[in-house]
Amino acid sequence: MFDLTFSILPQAMNAASVRNSVIAQNIANQSTPDYKRKYVTFEEEFQKALGSSDEIALKTNKSSHINNTPSLSQVQPQILQDASRSNREDGNNVNIDVESVNMYINGMYYNGLTRLMNYSIQRYNTVIKGVR
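Just so you know, the residues in each chain are numbered from 1, in the order the chain's sequence is written. Predicted model: local features are reported for residues with pLDDT of at least 70 only, side-chain atom pairs are reported and counted for 80 or more only, and whole-chain, interface and lining totals are derived from all residues. Side-chain measures here rest on the full set of heavy atoms in the structure, leaving out hydrogens and waters.

Draft legend 1. Quick peek at the overall build of the protein. Numbering goes from the N terminus for both helices and strands, where a helix is a DSSP run of H or I of at least four residues and a strand is a run of E of at least two. A tally of regular secondary structure across the protein gives three helices and two strands. Listing each helix as α and each strand as β along the protein from the N terminus yields α-β-α-β-α. Exposure classes here rest on a 1.4 Å probe applied to the protein chains alone. A residue is buried below 20% of its type maximum, exposed above 50%, and partly exposed in between. A total of 132 residues make up the protein; the buried ones form 23% of that total. Two residues qualify as a contact provided that any one of their heavy atoms is within 4.5 Å of a heavy atom in the partner residue. Of the contacts formed within the protein by residues at least 6 apart in sequence, a portion of 74% connects residues at least 24 apart. Residue burial considers only the protein chains on display, and all accessible areas are found by Shrake-Rupley using a 1.4 Å probe. Per element, the accessible surface of the protein, about 9,400 Å² overall, is 53% carbon and sulfur.

Structure, rendered in structure tokens:
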């Protein structure tokens, strides 16, 4: 009954929520010596699962075959550590300006996703209620 929207949007919203927490953690640790900033990857693997990646997908017909394309339910946000060098003497590589911009961009992304979800729900409510 429901289209792919109701499985895709919650996963994307979850990834944005995780990303927001990681950015907040980076900002909180901006003065911690030797702290390395963290970041979230999600969209690349999600595109592979949707089949819209430039990577060639391997076709499989048995579970024992190697599969390089994850299913939508398997894609989860990954938290990685930035190994880039720091320009600061304390070894911390968090740039508060970059993190602030990332938090703003992620907030706008999340707001867009919630609007899409609300619009999708409203469409189904219209159909169910039979508004004339």
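Draft legend 2. Region of interest: the environment of asparagine 95. By the secondary structure assignment, asparagine 95 is in the loop between strand 2 (78-81) and helix 3 (96-129). Taking C-alpha positions, asparagine 95 is 7.4 Å from glutamine 30, a pair spaced 65 residues apart along the chain. A polar atom in the side chain of asparagine 95 sits 3.0 Å from the backbone nitrogen of aspartate 97. N or O atoms closer than or at 3.5 Å make up a polar contact, with two conditions inside protein: a donor-capable atom paired with an acceptor-capable one, and, for residues adjacent in sequence, both atoms drawn from side chains.

Draft legend 3. Region of interest: the pattern of salt bridges. Salt bridge criterion: a side-chain nitrogen from Lys or Arg within 4 Å of a carboxyl oxygen from Asp or Glu. Enumeration over the complete set of coordinates arrives at four salt bridges. Put simply, aspartate 82 and arginine 37 hold a salt bridge, and the shortest N to O gap is 3.3 Å. With aspartate 82 in the loop between strand 2 and helix 3 and arginine 37 in the loop between helix 1 (5-28) and strand 1 (38-41), the pair connects residues that are 45 residues apart, well separated along the chain. We note that aspartate 82, like arginine 37, is buried. A salt bridge links arginine 88 to aspartate 90; the nearest nitrogen and oxygen atoms lie 2.9 Å apart.

Draft legend 4. Examining the packing of aromatic side chains more closely. For this analysis, a ring pair means two rings from Phe, Tyr or Trp (six-membered ring only for Trp) whose centres lie within 6.5 Å, classed as stacked if their planes differ by under 30 degrees, edge-to-face if by over 60, and tilted for the remaining angles. The final tally for this structure, using the stated rule, is one aromatic pair. With a centroid separation of 5.3 Å and 55° between ring planes, the pair formed by phenylalanine 6 and tyrosine 124 is classed as tilted. Within this pair, whereas phenylalanine 6 is found in helix 1, its partner tyrosine 124 is found in helix 3, the two being separated by 118 residues in sequence. By relative accessible area, which is 16% here, tyrosine 124 ends up buried.

Draft legend 5. Structural detail: the nonpolar core. Here, nonpolar core refers to any group of buried Ala, Val, Leu, Ile, Met, Phe, Trp, Tyr and Cys residues whose side-chain atoms link them within 4.5 Å. In this structure, Ile8, Leu9, Ala12, Met13, Ala15, Phe42, Phe46, Ala49, Val75, Leu113 and Met117 together form the largest nonpolar core, which totals eleven residues. Those elements that place two or more of their residues in this core are helix 1, helix 2 (43-50) and helix 3. The element that contributes the greatest number of residues to this core is helix 1, accounting for five residues. Sequence-distant contacts of leucine 9, defined by excluding residues within four places in its chain, comprise Leu113, Leu116 and Met117.

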